[in-house]
Amino acid sequence: MRPLVSIATLLLAGERRAFVTGLALTLTVLVMGAALLGLSGWFITAAAAAGLTGLGILFNVFVPSALVRLLALGRTAARYGERISTHDATLRALSRLRVRLLEGLLRAPYRQLERLRANAFLNRVTADVEALDGVLLRLILPGLAGLAVVGLTALALALLVHPAVGLVVALGQGVLPTLLFLIGQGRARPVSRRAEAAMQALRSRLIDLIAARSDLAMFGQLPAAIFHVNDAAIRHGMARAGLDQIERRTGFALDLTGTAVTALALAIGGSLAQAGAITPAQAAIGIFASLALGEATAPIRRALPEIGRMVQAASRITPAVTAVTAPATGRAPTASLLLRLEGVTVVRDGAERPLFDPLSLDVAPGETVALTGPSGSGKSTLLLVARGLLTPATGRVTLGGMLLADVSPDWLRDHVAMVPQRQALIAGSVAENLRLAAPGADETTLWQALRAVQLADTITARGGLSLRLGFRGTGLSGGEGRRLALARALLCKPDLLLLDEPTEGLDGPTATQVLHGLRAALPGAAILMAAHRPEEIALADRSLSLRPVAGPDKNNSHP
Ligand SMILES: Nc1ncnc2c1ncn2[C@@H]1O[C@H](COP(=O)(O)OP(=O)(O)OP(=O)(O)O)[C@@H](O)[C@H]1O
């Protein structure tokens, strides 16, 4: 429950006023509802009694009927106001939560991000955030208002009718429904969690199926993948049916309790009226008011199927949304930006030994160093270390004389650019892809970057900067996409540029031109590049080969 409280606090922050207004209006609606039925009951009975005794002419019908109208209209207006204030505030609070969650997820350590698949990421920012829209609207506000109105009504009945009627209403419409809620939520939570897990699996499997459909079809695995999707859909359906059953049973138990309370109020009121302790009209107030309290307990039924889903979503996203509040620490290097690695080794997750022998190297401003070595020797891994995304197992990495771990993440983002092997292009125009690195860059600057990587002519021929790319940048060849990613890195004007096989997919002459273009665009930058191709190694000032640690790794070896 603690994550739910943290999320409720976050949702409330900035919208406190709207939610307090919403709570006050919800309470008003419920109080007016109870008062409306109580007064109506009293009015009808008192009018009938006056008629029977021949005093009808003296009975003042105007004041009670005006009050009934006032309560009915006021209740509708209060309900309308409550909806406007709380629903608006919830939408605003959720959109803030979503942005905060995205920021938090993106600040997570690189290794955590590596494991977070796109599907899981999508589930977090959509399904999990949506699951939380009811925390205040369907759980906390109705719960608080319901308890308050039952307490107030019980007190009013104790004063206006009889303490026994007040006590029955407090127990039957306050204590019993609370117990029903506590028992029901214990039963509903695991089922609700199963329903949500099945829904998220369904979404993930469907996305995987669509993304890999041609491979699946080619290897004859499409029916198996469809079976998995259906399996998740069936599990979801079964869990939903379980939730419906819990919801129906709780609703039935609430109806039963409500009816029993009304019947008791009728019996107590009747016997008290017969004994002459109260008038029949007073007895009617108790009966009708307890009937009206059905409205206060009804939200329990609606909240039950959702509570497991809410708690689970809150537990999943709380670490990310609370991490944002921790300010990024670190300083900016002041000395000349020499990248220095001293005795660095790296052990990847799941491995027992380092990838390569301890490595030392310097990359000075204006210098290009190529990292070579067999496939899997750890070139890309070393670039991640140089960017501060992975921590070395031994040795130290400094930038401008300062330990990389002490450099502020914001500074690193502004001054170090990295183009990984699998570059991320987005659906959108070429300009939009480029402006991810430099949102304010004008068209001249964008064209300069494209010219530096030999892509200007291609883009011009294809319609210019407004050329639209598809999902993940489809619509360009592999080599063109690679050059677009290089152009984007140039726009950051980095002091340190980390390149992972930058000319992969380019013909020899183009590769050389691109490498010259990069250096010409960033004459003072230190460039460290994982290199396989002779063109890349030839252009570097120095090259350094990673020596894999001798002997098979226990985890990676096969019998
Ligand atoms: N996320 C990861 N978790 C665990 N091990 C990983 C991960 N990514 C890569 N590895 C392993 O680390 C080793 C080094 O990989 P890396 O990508 O750094 O090699 P590389 O020299 O760049 O290879 P290539 O030239 O083929 O690109 C490989 O054995 C690889 O299987």
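So, how was this worked out
- Residues numbered from 1 in each chain as written.
- Predicted model: local features only at pLDDT ≥ 70, side-chain atom pairs only at ≥ 80, totals over all residues.
- Heavy atoms only, no water.
- Helix = DSSP H or I, 4+ residues; strand = E, 2+ residues; numbered from the N terminus.
- Buried < 20%, exposed > 50% of the residue type's maximum accessible area, 1.4 Å probe, protein only.
- Areas by Shrake-Rupley, 256 points an atom, 1.4 Å probe, with all protein chains shown as cover.
- Pairing = 2+ DSSP bridges.
- Contact = heavy atoms within 4.5 Å.
- Axes fitted to C-alpha atoms, helices over the stretch in contact; angles between N-to-C directions.
- Core = buried A, V, L, I, M, F, W, Y, C linked by side-chain atoms within 4.5 Å.
- Expected span 1.5 Å × (residues − 1).
- Bend = angle between axes of the 7 residues up to and from the residue.
- Parallel < 35°, antiparallel > 145°, perpendicular 65-115°, else oblique.
- Left-handed = near helix turned anticlockwise from the far one by under 90°.
- Near = heavy atom within 4 Å.
- Polar contact = N/O pair within 3.5 Å; in protein donor to acceptor, adjacent residues only side chain to side chain.
- Nonpolar A, V, L, I, M, F, W, Y, C, P; charged D, E, K, R; others polar.

(A) Spotlight on the overall build of the protein chain. When helices and strands are counted, the protein chain shows 19 helices and 11 strands. Across the 559 residues in the protein chain, those meeting the buried criterion constitute 43%. Carbon and sulfur atoms provide 62% of the accessible area of the protein chain, an area that totals close to 27600 Å².

(B) Representation of the sheet that holds strand 5 (residues 402–403) in the model. Spatially, 4 strands are ordered 2-1-4-5 in an open sheet, and the strand pairing comes out antiparallel. Edge strands, defined here as strands with exactly one partner in the open sheet, are strand 2 (359–363) and strand 5. Strands in contact with helix 12 (residues 379–386) are strand 1 (339–345), strand 2 and strand 4 (394–399); relative to strand 1, the strand with the most contacts, it is inclined by about 125 degrees.

(C) Spotlight on the pairing of strand 4. Here strand 1 pairs with strand 4 via 5 bridges, running antiparallel. Opposite Leu-339, over in strand 4, you have Leu-399 as the bridge partner. The loop that links strand 4 with its antiparallel partner strand 5 comprises 2 residues; one of these, Gly-400, has a positive phi angle of about 55 degrees.

(D) Expanded view of the nonpolar core. Ranked by internal contacts, the top residues of the largest apolar core, which has 41 residues, are Val-430, Leu-434, Leu-450, Val-453, Leu-484, Leu-499 and Leu-518. If one sorts the elements of this core by residue count, helix 17 (residues 478–491) sits on top with 7 residues. Ranked by size, the runner-up nonpolar core spans 39 residues in total, among them Leu-136, Val-191, Leu-254 and Val-311.

(E) Broad picture of helix 6 (residues 134–160). With 27 residues, helix 6 should cover 39 Å at 1.5 Å per step; its first-to-last C-alpha distance of 36 Å lies within 8% of that length. Along helix 6, the helix axis deviates most sharply at Pro-142, where the bend reaches about 30 degrees.

(F) Spotlight on the side chain of Ser-85. By secondary structure assignment, the location of Ser-85 is in helix 3 (residues 62–106). When near neighbours in sequence (up to four residues on either side) are disregarded, Ser-85 contacts Ala-18, Thr-21 and Gly-22.

(G) A look at the sheet that holds strand 3 (residues 368–372). One open sheet accounts for 5 strands, arranged 6-9-10-3-11; its pairing is parallel. Edge positions in the open sheet fall to strand 6 (416–419) and strand 11 (542–545), since each of these has one partner strand only. Averaged over neighbouring strand pairs, the angle between their axes works out to 15 degrees when direction is ignored. As paired strands, strand 3 and strand 10 (residues 526–530) are joined by 4 bridges and run parallel to one another.

(H) Layout of the packing of helix 1 (residues 2–12) against helix 6. Viewed as axis vectors pointing N to C, helix 1 and helix 6 meet at an angle of 110 degrees, and their least axial separation amounts to 10 Å. Between helix 1 and helix 6, the interaxial angle falls into the category roughly perpendicular. When you trace helix 1 past helix 6, the crossing you get is left-handed. In contact with Leu-4, Ala-8, Leu-11 and Leu-12 of helix 1, helix 6 contributes Val-135, Leu-136, Leu-139 and Ile-140.

(I) Looking closely at the site of the ligand. In the region of the ligand, 15 residues are neighbours, and Ser-375, Lys-379, Ser-380, Thr-381 and Gln-421 sit closest. At 3.2 Å, a backbone N or O of Ser-377 approaches an oxygen atom of the ligand. Summarising the interface, the protein chains cover 66% of the accessible area of the ligand, which totals 640 Å² for the free molecule.

(J) Seen up close, the environment of Gln-173. Tracing the backbone shows Gln-173 in helix 7 (residues 163–211). We classify Gln-173 as buried; its relative accessible area is 4%. Excluding residues within four positions of it along the chain, Gln-173 makes contact with Val-150, Val-168, Gly-258, Val-261, Ser-290, Leu-293, Gly-294 and Thr-297. Within the structure, the side chain of Gln-173 is placed 2.9 Å from the backbone oxygen of Ser-290, a separation counted as a polar contact.

(K) Here's a closer look at the packing of helix 6 against helix 7. Helix 7 packs onto helix 6 with a crossing angle of 160 degrees between their chain directions and a minimal axis gap of 6 Å. When the axis of helix 6 is compared with that of helix 7, the two are roughly antiparallel. Here the hand of the crossing between helix 6 and helix 7 comes out left-handed. Packed against helix 6, whose contacting residues are Leu-139, Leu-147, Val-150, Ala-154, Leu-157 and Ala-158, the element helix 7 presents Pro-163, Val-165, Gly-166, Val-169, Ala-170, Gln-173, Gly-174, Thr-178 and Phe-181 at the interface. Partitioning the contact of helix 6 with helix 7 into residue classes produces 11 nonpolar, 4 polar and no charged.

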